Amino acid sequence: MRIKVLVAIVVMLSISCQNETEDNRLSWIQNIDRQVSEYNKESKIEHSETIVEGKLETGIIFYKKNLDGISRVTAASRFSENFPVKMEVYVKNDNIIMRRFSGLSPYISKTRKREGDRCCALFENVTYFNSNTEVVLFERKLDLMSTEEMDSRRSEFESMVFIETLIENPEEEYEQAMESLKEFKDHIKK
């Protein structure tokens, strides 16, 4: 009987600890969302520039830092006329706190496209950085049969729930995000 009671207590404690960890994680994500929302209400453009590399044109906008030390950089490109992508990076005190990557991504196939095959996907990825080792990614994706569907299915996409995706190597994810940000800053300095 004592063993059953002991097992029940251990199970309840582990569930309690798991819920507390989940609540703490959700708390820091909610805090980032709140900070970003407040920042966006009053953000002002500091500098904008268009970078042309071959046929690829990218518009980059740097926003001013607020009193809380938060700033934002956005970059928008079109890989072709039909495939726009946008990335927003929010930085607080020189550390990335959130990155949003969205747009329309083509499906590339080695075989010839057949009738009924999907052509592309409307996507949005939101990555939260509590530190360079605590990173959470949320994704949503809607398959499309043609690029013309993008506007007509936008509300369906917006109502989709984000799916949390495990990040295998959070340090590498953070370093890649920092490297992208550095590249944008380096282009502007040229």
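Residues numbered from 1 in each chain as written. Predicted model: local features only at pLDDT ≥ 70, side-chain atom pairs only at ≥ 80, totals over all residues. Heavy atoms only, no water.

### Remarks on the nonpolar core
Core analysis: the biggest nonpolar cluster contains 17 residues, and Ile60, Val73, Val89, Ile96, Phe129, Leu181 and Phe184 have the highest contact counts within it. Looking at this core, the elements with two or more residues in it are strand S2 (56–63), strand S3 (70–78), strand S4 (84–92), strand S7 (135–144) and helix H4 (170–189). Looking at which element gives the most residues to this core, the answer is H4, with four residues. Among residues more than four places away in sequence, those in contact with Val73 are Ile60, Ile61, Phe62, Met87, Glu88, Val89, Leu181 and Phe184. Membership of the second largest hydrophobic core comes to 14 residues, among which are Trp28, Tyr39, Tyr90 and Met98. (Core = buried A, V, L, I, M, F, W, Y, C linked by side-chain atoms within 4.5 Å. Buried < 20%, exposed > 50% of the residue type's maximum accessible area, 1.4 Å probe, protein only. Helix = DSSP H or I, 4+ residues; strand = E, 2+ residues; numbered from the N terminus. Contact = heavy atoms within 4.5 Å.)

### What about the pairing of strand S6 (residues 120–129)?
Buried residues dominate S6, accounting for 10 of its 10 residues. Burial of the side chains of S6 extends over both faces: Cys120, Leu122, Glu124, Val126 and Tyr128 are buried on one face and Ala121, Phe123, Asn125, Thr127 and Phe129 on the other. Looking at chain direction, strand S5 (residues 95–106) and S6 are connected through nine bridges and run antiparallel. Within S6, the residue paired with Pro106 across the bridge is Cys120. As judged from the 10 bridges shared by S6 and S7, these two strands associate in the antiparallel manner. (Pairing = 2+ DSSP bridges.)

### What about the pattern of salt bridges?
In total, this model carries 11 salt bridges according to the counting rule given. For Glu124, the salt bridge goes to Arg140, with nearest N and O atoms at 2.6 Å. Of the two residues, Glu124 is situated in strand S6 and Arg140 in strand S7; the sequence distance between them amounts to 16 residues. Since its relative accessible area comes to 9%, Glu124 is described here as buried. Salt bridges linked by common partners bring Arg72, Glu88, Arg100, Glu124, Arg140, Arg154 and Glu158 together as one network. (Salt bridge = Lys/Arg side-chain N within 4 Å of Asp/Glu carboxyl O.)

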